[in-house]
Amino acid sequence: MAEEQRVILEYADKIDPKKADDYIKVGGYKGLEKARSMDRKALIDEVKKSGLRGRGGAGFNAGMKWSFVPIKDEDRYVVCNFDEGEPGTYKDRIICEKNAQALLEGMAICGAAIASKQGYIYCRGEYPFVVKMLREAIKSAKDSGALGDFDIEVRMGAGAYVCGEETALIESIEGHRGEPRFKPPFPGVAGLWAQPTVVNNVETFACLPYIMTNGADWFAGIGAAKYPGTKVLTLTGDVENATYFEVPTNYMLRDVVYKLGGGVKGGKKFKAVQVGGTSGAFIPEQNLDTQIDFDSMSAIGAALGSGAVFVMDETRDIVDIVTRISKFFEHESCGKCNPCREGTWRCREIMEKINAGKASQKDIDNLMLLSRVMKNAALCGLGQAAPIPIDSTLEHFGYEYSRKIV
Amino acid sequence: MTNSIGELGTDATAIFLIGTNTTENHPVIGYKIKKNVRENGAKLVVADPRRIDLAEMADVYMQFRPGTDVALLNGMMNVIINEGLMDKEFVENRTEGFEAVKQVVEKYTPEMVSVITGVPAEDIKKAARIYAEAEAGSLCYAMGLTQHTTGTDNVKSACNLAMLTGNLGRPGTGVNPLRGQNNVQGACDMGALPVSYPAYQAVSADANREKFEQAWGVKLSPNNGCTLTAAINKAHHGELKGLYVLGENPVLSDPDSHHVIEALEKLDLLIVQDIFLTETAQLADVVLPGVTWAEKDGTFSNTERRVQRVRKAVSSPGDARQDWEILVDMTNRLGYACSYDSPEDIFEEIRKVTPSYAGITYARIDQTGLHWPCPNEEHPGTPILHAEKFSRGLGLFHAIEFQEAFELPDEEYPLILSTGRSLFHYHTGTMTRKAVALDVHQPENVVQVSPNKAAELGIIDGEKVRLTTRRGSIELKAQVTDILNDQVVFTFFHFSEASANVLTQAEKLDPVAGIPEYKVCAARLEKIV
Amino acid sequence: MLKLTINGQEIEVPKGTMLLSACQQAGADIPTFCYDPDLKLAGSCRMCVVEVEGRRNLLASCVTPCENNMVVSTESDRTTEARKVILELLLARHKVECMTCEKVGMCKLQDYCYRYGVKDSRFAGEKGHFAMEDPNPFIERDYDKCIMCTRCVRACEEITGAQAINVKERGHHAKISTIFDGKLADSTCVFCGQCIMVCPVGALTSKVSMGKGRSMEYDRVLTTCTYCGTGCTLELNVKDDQVVGVTSNRDATYSPVNKGALCVKGRFGWDFIHSPERLTTPLIKENGQFRPASWEEAMDFAANKLKAIKEKDGPDSIAMFSSARVTNEENYLAQKMMRAAIGTNNVDHCARL
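Here the structure is a predicted model, which means the values were calculated and not measured.

Draft legend 1. Highlighting the overall build of chain C. Looking only at helices and strands, one finds eight helices and 16 strands in chain C. For chain C, the C-alpha radius of gyration of 27 Å lies well beyond 20 Å, the compact-globule estimate for 353 residues. For chain C, the spread of C-alpha atoms along the three principal axes comes to 95 × 50 × 35 Å. The proportion of buried residues among the 353 residues of chain C is 64%. By sequence separation, contacts in chain C at least 24 residues apart represent 60% of the contacts at least 6 residues apart.

Draft legend 2. Up close: the interface of chain A and chain C. Counting residues at the interface gives 34 residues for chain A and 35 residues for chain C. Interface area, chain A with chain C, both sides summed: about 3000 Å², of which 54% is carbon and sulfur. Along the contact surface separating chain A from chain C lie three salt bridges. Counting the contacts that link chain A with chain C gives 20 residue pairs in polar contact (both at pLDDT 80 or more). Broken down by secondary-structure element, the contributors of at least two residues to the side of chain A that touches chain C are helix 12 (318-332), helix 13 (338-355) and helix 14 (361-377) of chain A. For the side of chain A that touches chain C, the element with the highest residue contribution is helix 13 of chain A, accounting for 10 residues. When its residues are assigned to classes, the side of chain A that touches chain C shows 14 nonpolar, nine polar and 11 charged.

Draft legend 3. Looking closely at the interface of chain C and chain B. At the interface, 109 residues of chain C touch 151 residues of chain B. Here chain C is connected to chain B by six salt bridges. Where Glu248 of chain B meets Arg325 of chain C, a salt bridge forms, and the shortest distance between an N and an O atom there is 3.7 Å. The element best represented in the side of chain C that touches chain B is helix 8 (residues 328-342) of chain C, accounting for 14 residues. By residue class, the composition of the side of chain C that touches chain B is 57 nonpolar, 30 polar and 22 charged. As paired strands, strand 11 (residues 286-289) of chain B and strand 13 (residues 283-286) of chain C are joined by two bridges and run antiparallel to one another. Counterpart to Val286 of chain B in the pairing with strand 13 of chain C is Ile284 of chain C.

Draft legend 4. Spatial organisation of the packing of aromatic side chains. Residues and elements named next belong to chain A. Within the structure shown, the criterion is met by 29 aromatic pairs over all chains. When the centroid spacing of 5.9 Å and the interplanar angle of 55° are considered together, the rings of Tyr77 and Tyr120 count as tilted. Of the two residues, Tyr77 sits in strand 1 (residues 77-82) while Tyr120 sits in strand 2 (residues 118-123), which places them 43 residues apart along the sequence. Of the residues examined, Tyr120 reaches a relative accessible area of 7% and is grouped as buried.

Draft legend 5. Region of the structure containing the sheet that holds strand 15 (residues 318-321) of chain C. Reading across the sheet, the seven strands line up as 14(C)-13(C)-11(B)-10(B)-9(B)-15(C)-16(C) and stay open at both edges, with mixed pairing between neighbours. A single partner strand is all that each edge strand has here, and the edge strands are strand 14 (289-292) and strand 16 (347-348) of chain C. The strands that helix 16 (residues 323-333) of chain B touches are strand 9 (242-246), strand 10 (269-274) and strand 11 of chain B together with strand 15 of chain C; relative to strand 9 of chain B, the one it contacts most, it runs at about 155°. Seen against the sheet, helix 8 of chain C touches strand 9 of chain B together with strand 15 and strand 16 of chain C and runs at an angle of roughly 170° to strand 15 of chain C.

Draft legend 6. Highlighting the side chain of Asp363 of chain A. Residues and elements named next belong to chain A. You can see Asp363 is positioned in helix 14. Residue class for Asp363 comes out buried when judged on its relative accessible area of 10%. A distance of 3.2 Å separates the side chain of Asp363 from the side chain of Lys353, its partner in a polar contact. Excluding its chain neighbours within four sequence positions, the residues that come into contact with Asp363 are Ile350 and Lys353.

Draft legend 7. Summary view of a nonpolar patch on the surface. There is a patch of nonpolar side chains on the surface, built from Phe60, Met64 and Phe68 of chain A and spanning about 290 Å² of accessible area. The topology assignment puts Met64 of chain A in helix 4 (residues 62-67).

Draft legend 8. Expanded view of unusual backbone geometry. Here Lys183 of chain A and Pro184 of chain A are connected by a cis peptide whose omega angle stands at -5°. By secondary structure assignment, the location of Pro184 of chain A is in the loop between helix 7 (166-173) and strand 4 (197-201). Residue Pro373 of chain B is bonded to the preceding Trp372 of chain B through a cis peptide linkage, with omega at 0°. Among the structural elements, Pro373 of chain B can be located in the loop between strand 14 (370-371) and strand 15 (395-396). One non-glycine residue, Asn7 of chain C, lies in the positive phi region at around 50°. Within the element layout of this structure, Asn7 of chain C appears in the loop between strand 1 (2-6) and strand 2 (9-13).

Draft legend 9. Examining helix 8 (residues 202-214) of chain A more closely. Residue and element names in this part refer to chain A. The buried count for helix 8 comes to 11 of 13 residues, which makes it a mostly enclosed element. Val202, Glu203, Thr204, Phe205, Ala206, Cys207, Leu208, Pro209, Tyr210, Ile211 and Met212 are the residues of helix 8 that are buried. Structurally, the start of helix 8 carries an N-cap: the backbone nitrogen of Glu203 is 2.9 Å from a side-chain oxygen of Asn201. One or two steps after helix 8, the chain reaches Gly215, where phi turns positive at roughly 95°.

Draft legend 10. Structural view of the state of the cysteines. Residue and element names in this part refer to chain C. Throughout the structure, instances matching the rule amount to zero disulfides over all chains. Between Cys62, a free cysteine, and Cys48, which holds the nearest cysteine sulfur, the sulfur-to-sulfur gap is 3.8 Å. Residue class for Cys62 comes out buried when judged on its relative accessible area of 3%. Left without a disulfide partner, Cys199 is nearest to the cysteine sulfur of Cys149, which lies 6.3 Å away. What makes Cys199 buried here is its relative accessible area of 12%.

Draft legend 11. Quick look at the packing of helix 13 of chain A against helix 14 of chain A. All names here are of chain A. Contact geometry of helix 13 with helix 14 gives a least axis separation of 10 Å together with a crossing angle of 155°. The orientation of helix 13 with respect to helix 14, classified from their angle, is roughly antiparallel. Considering only the axes of helix 13 and helix 14, their crossing is left-handed. Where helix 13 approaches helix 14, its residues Pro339, Gly343, Thr344, Arg346, Cys347, Ile350, Met351, Lys353 and Ile354 are matched on the opposing element by Asp363, Ile364, Asn366, Leu367, Leu370, Met374 and Ala377. Along the lines of polarity and charge, the residues of the contact of helix 13 with helix 14 split into 10 nonpolar, three polar and three charged.

Draft legend 12. Looking closely at the side chain of Glu330 of chain A. If you trace the backbone, Glu330 of chain A turns up in helix 12. You can call Glu330 of chain A buried: its relative accessible area is 11%. Contact partners of Glu330 of chain A, with chain neighbours within four places excluded, come to Thr344, Trp345 and Arg348 of chain A together with Gly171 and His172 of chain C.

Draft legend 13. Just the environment of Lys142 of chain A, in detail. All names here are of chain A. Assignment of secondary structure puts Lys142 in helix 6 (residues 128-144). The exposure class assigned to Lys142 is partly exposed, which follows from its relative accessible area of 28%. Not counting the four nearest positions on each side in its chain, Lys142 is found in contact with Leu147, Gly148, Asp149, Phe150 and Asp151. At 3.1 Å, the side chain of Lys142 and the backbone oxygen of Phe150 are in polar contact.

Draft legend 14. Layout of the sheet that holds strand 21 (residues 521-527) of chain B. Residues and elements named next belong to chain B. Here we have six strands rolled up into a closed barrel, ordered 16-20-17-19-18-21, and mixed in their pairing. Strand-to-strand twist in this sheet, taken as the mean axis angle between neighbours without regard to direction, amounts to 45°. One ladder, built from four bridges, connects strand 17 (residues 446-449) with strand 19 (residues 473-480); its direction is parallel. Following the sheet pairing, Gln448 is matched in strand 19 by Gln479.

The rules we used
- Starting from 1, residues in each chain are numbered consecutively following that chain's sequence as written.
- Throughout, the order in which chains and ligands are written sets their labels, letters from A for the former and numbers from 1 for the latter.
- Where totals are concerned, whole chains, interfaces and linings use all residues; where local detail is concerned, this predicted model gives features only for residues with pLDDT of at least 70, and gives and counts side-chain atom pairs only at 80 or more.
- Side-chain metrics in this entry use all non-hydrogen atoms of the structure; hydrogen atoms and water are not considered.
- Here a strand is any run of E in DSSP of at least two residues, a helix any run of H or I of at least four, and the numbering for each starts at the N terminus.
- Throughout, the radius of gyration refers to the C-alpha atoms, and the reference size of a globule is 2.2 Å times the residue count to the power 0.38.
- Buried residues are those whose accessible area, probed at 1.4 Å on protein chains only, stays under 20% of the maximum for their type, while exposed residues exceed 50% and partly exposed ones sit between those limits.
- The contact rule is simple, with two residues in contact once any of their heavy atoms fall within 4.5 Å.
- As used here, buried area is the combined drop in accessible area, with a 1.4 Å probe, of two parts when they are placed together.
- Salt bridges are defined by distance alone: a side-chain nitrogen of Lys or Arg within 4 Å of a carboxyl oxygen of Asp or Glu.
- N or O atoms closer than or at 3.5 Å make up a polar contact, with two conditions inside protein: a donor-capable atom paired with an acceptor-capable one, and, for residues adjacent in sequence, both atoms drawn from side chains.
- Note on residue classes: Ala, Val, Leu, Ile, Met, Phe, Trp, Tyr, Cys and Pro are nonpolar, Asp, Glu, Lys and Arg are charged, and everything else, Gly too, is polar.
- What makes two strands pair is DSSP finding at least two bridges between them.
- Here the aromatic set is Phe, Tyr and Trp, taking the six-membered ring for Trp, and pairing holds for ring centres within 6.5 Å; pairs whose planes are under 30 degrees apart are stacked, those over 60 apart are edge-to-face, and all others are tilted.
- The axes are straight lines fitted to the C-alpha atoms, using for helices just the contacting stretch, and the angles between their N-to-C directions are given from 0 to 180°.
- Residues form patches when they are more than 30% accessible in relative terms and have no salt bridge. Like charges link within 9 Å. Nonpolar side chains (Val, Leu, Ile, Met, Phe, Trp, Tyr) link within 5 Å.
- Here, Shrake-Rupley sampling with a 1.4 Å probe gives the accessible areas, and only protein chains in the shown set may cover a residue.
- Two cysteine sulfurs form what is called a disulfide whenever their separation falls within 2.5 Å.
- Convention used here: angles under 35 degrees read as roughly parallel, angles over 145 as roughly antiparallel, angles from 65 to 115 as roughly perpendicular, and any remaining angle as oblique.
- The crossing is said to be left-handed when, going from far helix to near helix, the turn is anticlockwise and less than a right angle, and right-handed when the turn is clockwise.

Quick look at the structure:
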């Protein structure tokens, strides 16, 4: 299997995503219609049955998440996480630019499932042009009557990576500092304005219309059994075809690099690939024969995450790359919890020391200790995941560190 | 207070503040109000001539003309009666005299009151509704309500409002005077009043007098004594010859300082017992050095009637002597023999003659104080008064007509001067002016004036100006602030260098309470050229 | 009720109980920096992490609700490792100035470093640069000692309602700041010092007490404030028969009115006690000038004159101003003296002023 399988992006560049009518002509908003005709519980069961799991990184079963939302006499919110801050990731932008109406329809389907009338899209601050487009798309969808009484508002982030974390995102929508909350309570119980809230990624929502129109079984039959469906990947780095693709989730990582990606640029030798964004593990040659689905990636200590695929050729200095990554996390730590605020700072210091050839084995030991404590004790995913690139490179590319140790 | 302080933070669902700048003068009570409003959504109504800190978070803020309290409160009652918001059951079962009030307030329509007070009629209505419709409405006031020639009327009107809405006797309700001094409640409880023995037992009642004659083994005078302000006047007229001042500073705290100084100078004997050589002590014939609260044991009773311990922490300086020992010594020298081993020994005697304190012992209040009335040692104290019935049985309404303040602005003195306290100082500054950090932070007096008025007078912020009334004149810095309107100026009375009470009037006091009208007198503000 | 096993001991707690409280009930002493029972939870210092069987990560016990059948270990190798590393990370940023620090003896950082044997930091590198001059006379702000627990921020907002400070910047540049990072005097600060009360380290201290004595050197005497009528309880800090500061007890049993909260006067307005201007001897005025006198002489002088006035002009020609600032016992004696010894009801005090 070496072909793309386009579901979300089937009509990319063939319809105007701003126009609800264009979308309706190719079968759009049928899914929402069906969802609304269903009993809430049946709808959630259908989504559960499809096996759809979150496309933002954590891979939680979407229908399951929705089923936790208590339906009481209070408001509920549907929030779309479009704070696409992972360096090298732009699949949510592509989905919006090519098929914004599917996102809106997916959010409305979620609204039907949890009896919510209000959605928010939290958009990355660096995407002002997408915000403009989204607002037009929303207007068109509202005008066409397709969304019914479901309203969607677009809120912009202000450049904080941590706001991709769902509770920090909620804080930011509320107008507070973008800092994560402790969990529980989970947003499903007390989220935006302390009301039950479902937060899903753009891609997760965009899958929903197709699940509703084609049926849960159809979706469950695509790709890997435990993480079915398709995944939009974005290829960057030393690869011939640095662009985006939509593939079934049982696609092999080696095929991503060599078939879709066209192999390493300039005919150089492959060194490593980092999947899932900045906090992803570095995967060496010997692990390339792995499916990209969530569980297969976990099994090799990596993560599918956002679906960013960053390819590095033989000339790349792994320690230098990881030093840059550690600077990124130092910069993006929100500063709330001790392990992350102080830990990302000291990680960067030690990485720079190693990179400058001034470190000893003791520094490596300290780095590993720090990494372990950050994973064990940091408040949110940012601090817990920040040391993954360090750990995975120490494991697979230890020789590159050794070369720089005094 | 009829209710306890804690209820303002937890139980009250609406709080009506009139004449109290709570966050400055009772900061810790202010914290509780803020927390209740912010975290529990309690409604807040603030009536004050200055847009104080709490006004910023109020649901309704009424910036009324100083001295028009009765009109404002009558206006609120008018709305409550006309809109059917009164607590009929409470009024019928627990009170008497309502019909007379109803008749009087009938003409105080919001529109008419608006003209008197300067508060928009709509705000009066909103405020009335919030307080009347509250599940538990607490009314709090301080000297802003009481320091008027109509002070007693003002308080009675506040009580009318509380009774009309049934906001009494339950948690989070009550008529709650926030008392300004640490032991003003206790001083009253102990009978440091010209008309009553401890626990408000009237000296004029034979039964009370007999009781104390028996307890003290001596004949007692049946005549009411004279109030502090009357005593100054009597000294002025030469009727009073000897005055013993214990821990007070009337030169700074009493109205019309020139008048006070003249009076004190006329005395044959002025004894002052204090910790510093205060402005009053400087006029004394003999000065007796007492000790600070850090150097003594005893009890204070706070504004919610909670009796709490004061403990000796350090020795007193030089020959300064325990105040209780000085008083016992003096009493003996005056020919009445008495002796006590300790403050606790004195408290044991207090319990015997003060029914409301009878159940309180030092052992019981070692950790947590107790609210009086506490009639016996098994009694848990009484945080909420008037739960079942009022002390007189039925609550009595008083029909009260609005009267203007004594000295209104005119052409010569076109402004209304109000005086009060700052967060950073206390009373006559005897203590706080010698607390270095406080005095560094706020070293001098200011007069607050609105931006418009300042511009009209050519005054800039921080400039030294002259503030004058018919009594005298002081020079102080101007603080230009938009918290007051163009007709009102405000100054503090902590500073002897620019003492506010040089300006206030002692001519007309509240006829019942004898309280001076510190919140209204006519004044003139001038640029110094 | 939920059943849990904590350090091998089975306990039952009601639903909704946080793990920290359950662990404390089981007798475990869990270190905390950001936790404060009166403030909203932050869950940020991560010192209170515990190990729960079946959980991949350590859990911050202060923000984790108990669940049935949890098996919890509060001092496992993993928790100890995490706490030590957190302490080392904080030491790496902290200005270690224990020789002269006001907070010695009451410093949680110091206490926990002692408990976990943390002498210095393996992560020592660049220090924080948060020091600032704030000329206010009350609160010393030394943010080079700050450990970012944010208790001051929460106390300022939740206890006092001043909202004068918050966190500014992010990551390790994050610091406690007023709006626009200015002086406290230019903010909504009311100098209540609640921030000092809750600060677990030496970052916030009282300027009035500076250099006068540290917690192990002074005794605390519980008493009632001498200023307004609220009746807050506070603790006078006494060293060598001198008041050197004011602290407060936050337990409602000892502080029923204020639960430890004070205002600027209560917390910082105590030093008049030892003012050199205090009266230390009786004074008698002669020819318009005061001269020191013995107690015997002064009392005799006053008593004789009072007796003479009483004899000549009657008891009602004498009055007394008692005081709203002295104790109940003294007020009682004052009125009794006037009524029983002089024979007049001319006694009043400044209740109206």
